[in-house]
Amino acid sequence: MDTDQTLMALLDRVAQRDEAALKSLYDLTSGKLYGLALRVLERHEWAEDALQETFLQVWRTAPDYRASLSPPMAWMGLIVRSRALDLLRRRKAEREHLSDDIDDDGMADRLEGDTPDPMHTSLASQQAWALHQCLTRLENKQREVVSLAYLRDLSHGELAEQLRLPLGTVKTWIRRGLDQLRVCMARFA
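Residues numbered from 1 in each chain as written. Predicted model: local features only at pLDDT ≥ 70, side-chain atom pairs only at ≥ 80, totals over all residues. Heavy atoms only, no water.

- The name an unreviewed UniProt entry gives the protein is Sigma-70 family RNA polymerase sigma factor, with Hydrogenophaga luteola as the organism.
- For the protein, the Sequence similarities (unreviewed entry) comment in UniProt is given as "Belongs to the sigma-70 factor family. ECF subfamily." (UniProt positions renumbered as here; feature names shortened; annotations may be inferred.)

Laid out in structure tokens, this is it:
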């Protein structure tokens, strides 16, 4: 049984509220999902929180998982990334609240619409699968630069500095990579 089949079988059992299956799923996937959370959040304690929230959401939404729409790791990767970004938003809101008095109405207006509903979650899962398929078609360097820019939200200059590459090269790789992704993603639209 390959990894995807194993994970799909575990998700089916989790959907039926099998706690042992959740533990097995955690044992098999938590390392990679924690790594993704850490790349987004860059703080170990926050990544641990995001991972915990991810598995709580997996427990709650496993019945909604559809293998035909997304591989299991892409689906769980989307969840962990969403939980990590939610955590960043909460931390940012907490910092803003401490630094100046923000009224609750102003905060509600800015955050309105950020919480995914089931329809958007399903669509995002389909898009994550399509994006994964398209990313695998990019050259390794383009994939790396586009992924770093996307996951870490780094500017071209920050990427060039981090990768020790000329700024023009980074810009070219990102532009070409995004062009190829745009064409590829259009096929899935």
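**Description of the packing of helix α8 (residues 156-163) against helix α9 (residues 167-188)**
Piece 1. Where α8 contacts α9, the two axes come as close as 9 Å, and the packing angle between them is 115°. The angle between the axes of α8 and α9 places the two elements in the roughly perpendicular class. Here α8 runs over α9; the crossing is right-handed. Only Leu167, Val170, Lys171 and Ile174 of α9 make contact with α8, whose side of the interface consists of His156, Gly157, Leu159 and Ala160.
Piece 2. Of the residues that constitute the contact of α8 with α9, the class distribution is five nonpolar, two polar and one charged. (Axes fitted to C-alpha atoms, helices over the stretch in contact; angles between N-to-C directions. Helix = DSSP H or I, 4+ residues; strand = E, 2+ residues; numbered from the N terminus. Parallel < 35°, antiparallel > 145°, perpendicular 65-115°, else oblique. Left-handed = near helix turned anticlockwise from the far one by under 90°. Contact = heavy atoms within 4.5 Å. Nonpolar A, V, L, I, M, F, W, Y, C, P; charged D, E, K, R; others polar.)

**A short note on the environment of glutamine 126**
Piece 1. Here glutamine 126 lies in helix α6 (residues 118-135).
Piece 2. Linking glutamine 126 and proline 71, residues 55 residues apart in sequence, is a C-alpha distance of 9.5 Å.

**Some words on the state of the cysteines**
Piece 1. A full pass over the atoms with the stated rule returns one disulfide.
Piece 2. A disulfide bridge connects cysteine 134 with cysteine 184, and the sulfur atoms are separated by 2.1 Å. On the S-S bond that ties cysteine 134 to cysteine 184, the torsion sits near -85°, and the link is left-handed. Note that cysteine 134 is positioned in helix α6 and cysteine 184 in helix α9, a separation of 50 residues in sequence. Taken individually, cysteine 134 and cysteine 184 each receive the classification buried, so the pair is uniform in this respect. (Disulfide = S-S within 2.5 Å. Buried < 20%, exposed > 50% of the residue type's maximum accessible area, 1.4 Å probe, protein only.)

**Topic: the side chain of threonine 54**
Piece 1. Tracing the sequence through the fold places threonine 54 in helix α3 (residues 44-61).
Piece 2. At 2.7 Å, the side chain of threonine 54 forms a polar contact with the backbone oxygen of alanine 50.
Piece 3. Setting aside its immediate chain neighbours within four residues, threonine 54 contacts Met76, Ile79, Val80 and Arg83. (Polar contact = N/O pair within 3.5 Å; in protein donor to acceptor, adjacent residues only side chain to side chain.)

**Thoughts on the packing of helix α1 (residues 3-15) against helix α2 (residues 19-41)**
Piece 1. Between α1 and α2, the shortest axis-to-axis distance is 8 Å and the interhelical angle comes to 145°. Our pair here, α1 against α2, has a crossing hand that is left-handed. Contacts between α1 and α2 involve Thr6, Leu7, Leu10, Leu11, Arg13 and Val14 on the former and, on the latter, Ala20, Ala21, Leu22, Ser24, Leu25, Leu28 and Thr29.

**Observations regarding α3**
Piece 1. Here α3 is 18 residues long and its end C-alpha atoms lie 25 Å apart, about the 26 Å a rise of 1.5 Å per residue gives.
Piece 2. Within the span of α3, buried status applies to Trp46, Ala47, Ala50, Leu51, Thr54, Phe55, Gln57, Val58 and Thr61. (Expected span 1.5 Å × (residues − 1).)

**Digging into the pattern of salt bridges**
Piece 1. All chains considered together, the criterion is met by eight salt bridges.
Piece 2. Within the structure, one salt-bridge network assembled from shared partners comprises Arg83, Asp86 and Arg89. (Salt bridge = Lys/Arg side-chain N within 4 Å of Asp/Glu carboxyl O.)

**What to know about the packing of aromatic side chains**
Piece 1. By the definition in use, this model includes two aromatic pairs.
Piece 2. Seen from their ring centres, tyrosine 65 and tryptophan 75 are 5.0 Å apart, and the 55° between their planes marks the pair as tilted. Placement of the pair is tyrosine 65 in the loop between α3 and α4 (72-99) and tryptophan 75 in helix α4, with a sequence separation of ten residues.
Piece 3. Residue tyrosine 65 is classed as buried on the basis of its relative accessible area of 8%.
Piece 4. A cation over an aromatic ring shows up here: arginine 17 above the ring of tryptophan 59, its NZ or CZ 4.9 Å from the ring centre.
Piece 5. The aromatic ring of tryptophan 46 is capped on one face by arginine 43, whose charged end is 4.4 Å from the ring centroid. (Phe/Tyr/Trp six-rings, centres within 6.5 Å; stacked < 30°, edge-to-face > 60°. Lys NZ or Arg CZ within 6 Å of the ring centre and 35° of its normal.)

**Quick look at the environment of glutamine 57**
Piece 1. Mapped onto the elements, glutamine 57 comes out in helix α3.
Piece 2. When the C-alpha atoms of glutamine 57 and arginine 83 are compared, they prove to be 9.1 Å apart, with 26 residues separating the residues in sequence.
Piece 3. Discounting residues that sit within four places of it in the chain, glutamine 57 has contacts with Ala62, Ile79 and Arg83.

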